[in-house]
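Coordinate analysis (summary)
Here are the chains, one letter per residue:
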Amino acid sequence: MTQPPAQPPPFAAMLRAAVIPMLCTAPVIVLVFWITRHTRGGLAALLGVSIAVAFFASGLYVMQRVTNANPWSVLVGALAVYLGQVIFLGIVILLLSGAGWLDGRAFGLSVLAVALVWQLSQLVAFT
């Protein structure tokens, strides 16, 4: 008898499904802000994209490490990761809120764009 093909872990599939669209959309996001908000906006968008991608990828990595097949542990792990992410993002926003060198609008909108693309991609992969 043959074994069924090994399925990739769900978190690895979700990460792969989110990173591929990000590789396509991240340069577009940065380019749009570089054109519309000039160098300062482009660099702020690049920083925003980098922080947001690291933020979401690290959340999936931690989820993969702290959960197992038990649904309750997955729920608890997801809530803990989400709380940690919210705290981390709040600290980053507080630290960068007074930065005069940063185009806040380009930074915030690029983080929002990454969040939307990432979450939709992850949702599609999960379902």
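Structure first, text after, so check above.
The structure contained in this document is the topic of the report that follows. For clarity, every value in this text was computed on a predicted model and none was experimentally measured.

**Remarks on the nonpolar core**
Core analysis: the biggest nonpolar cluster contains 28 residues, and Val49, Phe56, Leu96, Leu102, Phe107, Val114 and Trp118 have the highest contact counts within it. The dominant element in this core, judged by the number of residues it contributes, is helix α1 (residues 10-66), at 17 residues. Ignoring any residue separated from it by four or fewer positions in sequence, one finds Val49 in contact with Ala26, Ile29, Val30, Ser110 and Val114.

**Some words on the environment of Gly104**
With respect to the helices and strands, Gly104 occurs in helix α3 (residues 104-126). We classify Gly104 as partly exposed; its relative accessible area is 48%. Through-space distance from the C-alpha of Gly104 to that of Asn70 is 41 Å; in sequence the pair is 34 residues apart.

**Digging into the environment of Ala99**
As for its placement among the helices and strands, Ala99 is situated in the loop between α2 (71-96) and α3. You can call Ala99 buried: its relative accessible area is 17%. Separated by 39 residues in the primary sequence, Ala99 and Leu60 have C-alpha atoms spaced 29 Å apart.

**Thoughts on the environment of Leu75**
Along the chain, Leu75 falls in helix α2. Once the C-alpha coordinates of Leu75 and Trp101 are considered, the two residues, 26 residues apart in sequence, prove to be 40 Å apart.

**Describing unusual backbone geometry**
Most peptide bonds adopt trans geometry, and most residues besides glycine take a negative phi value. Phi angles above zero are rare outside glycine, and His38 is one such case at about 70°. Tracing the backbone through its elements, the reader meets His38 in helix α1. Taking relative accessible area as the criterion, His38 reaches 56% and is therefore assigned exposed.

**Focus on the packing of α1 against α2**
Packed helix pairs are specified by the crossing angle of their axes together with the interaxial distance, meaning the distance between the axes. Look at α1 against α2: their axes get within 9 Å of each other, and the N-to-C directions meet at 155°. One element, α1, and the other, α2, form an angle in the roughly antiparallel class. Both α1 and α2 take part in a crossing whose hand is right-handed. Packed against α1, whose contacting residues are Leu47, Ile51, Phe55, Phe56, Gly59, Val62, Met63 and Val66, the element α2 presents Val74, Gly77, Ala78, Val81, Gln85, Phe88, Leu89, Val92 and Leu96 at the interface. Residue classes in the contact of α1 with α2 are distributed as 14 nonpolar, three polar and no charged.

Rules behind the numbers
Residues numbered from 1 in each chain as written. Predicted model: local features only at pLDDT ≥ 70, side-chain atom pairs only at ≥ 80, totals over all residues. Heavy atoms only, no water. Core = buried A, V, L, I, M, F, W, Y, C linked by side-chain atoms within 4.5 Å. Buried < 20%, exposed > 50% of the residue type's maximum accessible area, 1.4 Å probe, protein only. Helix = DSSP H or I, 4+ residues; strand = E, 2+ residues; numbered from the N terminus. Contact = heavy atoms within 4.5 Å. Axes fitted to C-alpha atoms, helices over the stretch in contact; angles between N-to-C directions. Parallel < 35°, antiparallel > 145°, perpendicular 65-115°, else oblique. Left-handed = near helix turned anticlockwise from the far one by under 90°. Nonpolar A, V, L, I, M, F, W, Y, C, P; charged D, E, K, R; others polar.

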